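So the chains spell out like this:
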Amino acid sequence: MPARPPSFASIPLPALAAEAAGAIVAGCSGGLDSTVLLQRLAAEPWIRARGLRAVHIHHGLQAGADDWAGQCRRQAQALGVPFDVIRVGVDRDSGCGLEAAARQARYAALEATMAPGEVLATAHHRDDQAETFLLRALRASGPQGLGAMRPLRRFGPGWHWRPLLALPRDALLAHAHAHGLDWIEDPSNALSDPERNFLRLQVLPLLRTRWPHATASLARSAQLCAEADALLADEDAALCDAMAGADPHTLPLPMLLALPVERRARVLRRWLLGLDLPPLPARGAERIERDLLGARNDARATFAWAGARVLRWRDVLHADRLRPPLPADWSTDWDGRAPLDLPDGGCLSLHAAQGAAVAGFQAPLRVHARRGGERIVLPGRAHSHLLKQVLQDRGVPPWQRAHLPLLSDARGILQAAGDVACSGPLAQWLQARGEWLQWQRPGQDASPR
């Protein structure tokens, strides 16, 4: 192993939480910050002992992108650190801007390369934190957003660690010059177009002419907001746990409405975060408060954003990703012997008592989407009922009805609606064989009952 540079202890490394015990994955760009970070990590025996490797994300957005990858490779090789380059495509038409799209692609690639328990280390510093705090403030964020970047957070299958977050960039620059480090300057940092660079090149220098410690003060404010948010988050989590029912995608309105409006907004965000849905936009909680919580029970009010939606039905809120319903013209024959994957991501299966084999139906049934007007003869009844009325009486929510698979026999007579309703003849036939239908909803974990 190459000899480590002297005096690297002048860049302190905070201790990692005990649960973040995996190998370290250093994100490398070839710039000043990541160069200092990689050298510092490589100089630490305990990090070498747990495992250290470096990764560079190649966006291909700049003419010198190959030079940056080469610079990172040379740095890693000089330190004896395993190195990899990952090429990614950036969606220029995402609607969120090129800088944000590149960041999304970068973190998605880093997450994909991490093994369970590994720790991604990035070189964000105190100046980055001050910029982030200002950006969040200008977007009217609350304590969670103003907490800006956390030193350690869950990330993908492991953790995201920012060991340099308490240090100003000037300290990294002085350290790099003192140790003769070599790095590449990103030409995009000289542009005033991106919002962050505008703050970095114009706003913060101007603030420091009047308040020399502006950067440190803004970063300290971010830390205080993060601490306040952590305290509030514990209460939010406890409230979400108290409201939790059989379906984590639903939230009971009476319990939610009993909370103060400010707490409701936090609980909503916490609930959606737990469902792995995109974060609500800045005024998303206000929209839900106004359009859904204040709506009539029968209004079916909906708020949609970024491929997700929350809707109100009766006394519950339901949140999920937007999922296309079963195609109206879709149908297929099914004998029940093997599970049937549905085109909307759901599944229909026939189960038998433990240890028994599923024999399947005497004749295949036709599985199809609802078209309206269907009728079904329920067990113990002599006449048929409108399926729509049966679903309403049994409390089947509207977000499930659009995905409900129907089973009809060769004569076109409806025999079952998923596992929600079964005709008298089919129910009798299944009961005699100790078998039952199960409909796995889209996005629902499979668990035979």
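Here, every reference points to the structure presented above.
Numbers given to residues run from 1 along each chain, matching the order in which its sequence is written. Owing to the predicted nature of the model, reporting of local features is limited to residues with pLDDT of at least 70; listing and counting of side-chain atom pairs is limited to 80 or more, with chain, interface and lining totals taken over all residues. Side-chain metrics in this entry use all non-hydrogen atoms of the structure; hydrogen atoms and water are not considered.

**Quick look at the overall build of the chain**
Here comes step 1: The helix and strand tally for the chain stands at 15 helices and 20 strands.
Here comes step 2: For the C-alpha atoms alone, the extent of the chain along its principal axes is close to 90 × 50 × 40 Å.
Here comes step 3: For the chain, the residues scored as buried account for 45% of the 449 residues in total.
Here comes step 4: Taking the contacts inside the chain whose residues are at least 6 apart along the sequence as the reference set, 65% of them involve residues at least 24 apart.
Here comes step 5: All tallies of charge rest on Lys and Arg as positive and Asp and Glu as negative; His and the ends of each chain are not included. By convention, the point assigned to a charge is CZ for Arg, NZ for Lys, CD for Glu and CG for Asp. Computing the positive centroid from 52 side-chain charges and the negative centroid from 46, the chain places the two 3 Å apart. For the purposes of this entry, the term helix denotes a DSSP run of H or I that reaches at least four residues, the term strand denotes a run of E that reaches at least two, and both are numbered from the N terminus. Relative accessibility thresholds used throughout: buried, under 20% of the residue-type maximum; exposed, over 50%; partly exposed, between the two (1.4 Å probe, protein chains only). Residues are treated as being in contact if the distance between any of their heavy atoms lies within 4.5 Å.

**Some details on the sheet that holds strand β18 (residues 414–417)**
Here comes step 1: Sheet architecture is open: five strands sit in the order β11-β14-β17-β18-β19, paired in antiparallel fashion. Strands at the two margins of the open sheet, each flanked by one partner only, are β11 (331–334) and β19 (421–422).
Here comes step 2: DSSP calls a pair of strands paired once it identifies at least 2 bridges connecting them. With three bridges connecting them, strand β14 (residues 365–368) and strand β17 (residues 406–408) associate as antiparallel partners. Opposite R366, over in β17, you have S408 as the bridge partner.

**Comments concerning the environment of E111**
Here comes step 1: Structurally, the position occupied by E111 is in helix α4 (residues 98–113).
Here comes step 2: Considering only alpha carbons, one finds E111 and P157, 46 residues apart in sequence, at a separation of 7.4 Å.
Here comes step 3: In contact with E111, other than residues within four places in its own chain, are F155, G156 and P157.

**Concerning helix α3 (residues 65–79)**
Here comes step 1: The first and last C-alpha atoms of α3 sit 22 Å apart over 15 residues, in line with the 21 Å expected at 1.5 Å per residue.
Here comes step 2: For α3, the full list of buried residues reads A65, W68, A69, Q71, C72, Q75, A76 and L79. Seen along its axis, α3 keeps its buried residues to an arc of 160°; they face one direction. For α3, exposure combined with an orientation more than 90 degrees from the buried face picks out D66, D67, R74 and Q77.
Here comes step 3: Packing partners of the buried residues in α3 comprise α1 (32–42), α2 (45–50), β2 (52–58) and β3 (83–87).
Here comes step 4: Following α3 by one or two positions, G80 adopts a phi angle in the positive range, close to 70°. Helices are assigned an expected span. That span is 1.5 Å times one less than the residue count. Arc definition: it is the arc formed by the directions from the helix axis to the C-beta atoms.

**Here's the deal with the pairing of strand β10 (residues 316–321)**
Here comes step 1: Here three bridges tie strand β7 (residues 250–252) to β10, and the two strands are oriented antiparallel to one another. Pairing of T250 across the sheet is with H318, part of β10.
Here comes step 2: For strand β9 (residues 308–313) and β10, the ladder comprises six bridges, and the chain directions are antiparallel. Across the sheet, residue A308 finds its bridge partner in β10, namely R321.
Here comes step 3: From the end of β9 to the start of β10, which pair antiparallel, there are two residues, and R314 there has a positive phi angle of about 55°.

**Describing the pattern of salt bridges**
Here comes step 1: Here, a salt bridge means any Lys or Arg side-chain nitrogen found within 4 Å of an Asp or Glu carboxyl oxygen. Taken as a whole and judged by the stated rule, the model has 21 salt bridges.
Here comes step 2: Here D229 ties to R266 by a salt bridge, and the two come within 2.8 Å at their closest N and O atoms. Here the residue D229 occupies a position in helix α9 (residues 214–243), and R266 occupies one in helix α11 (residues 261–274), the gap between them amounting to 37 residues.
Here comes step 3: Its relative accessible area of 8% is what places D229 among the buried residues.
Here comes step 4: By relative accessible area, which is 18% here, R266 ends up buried.

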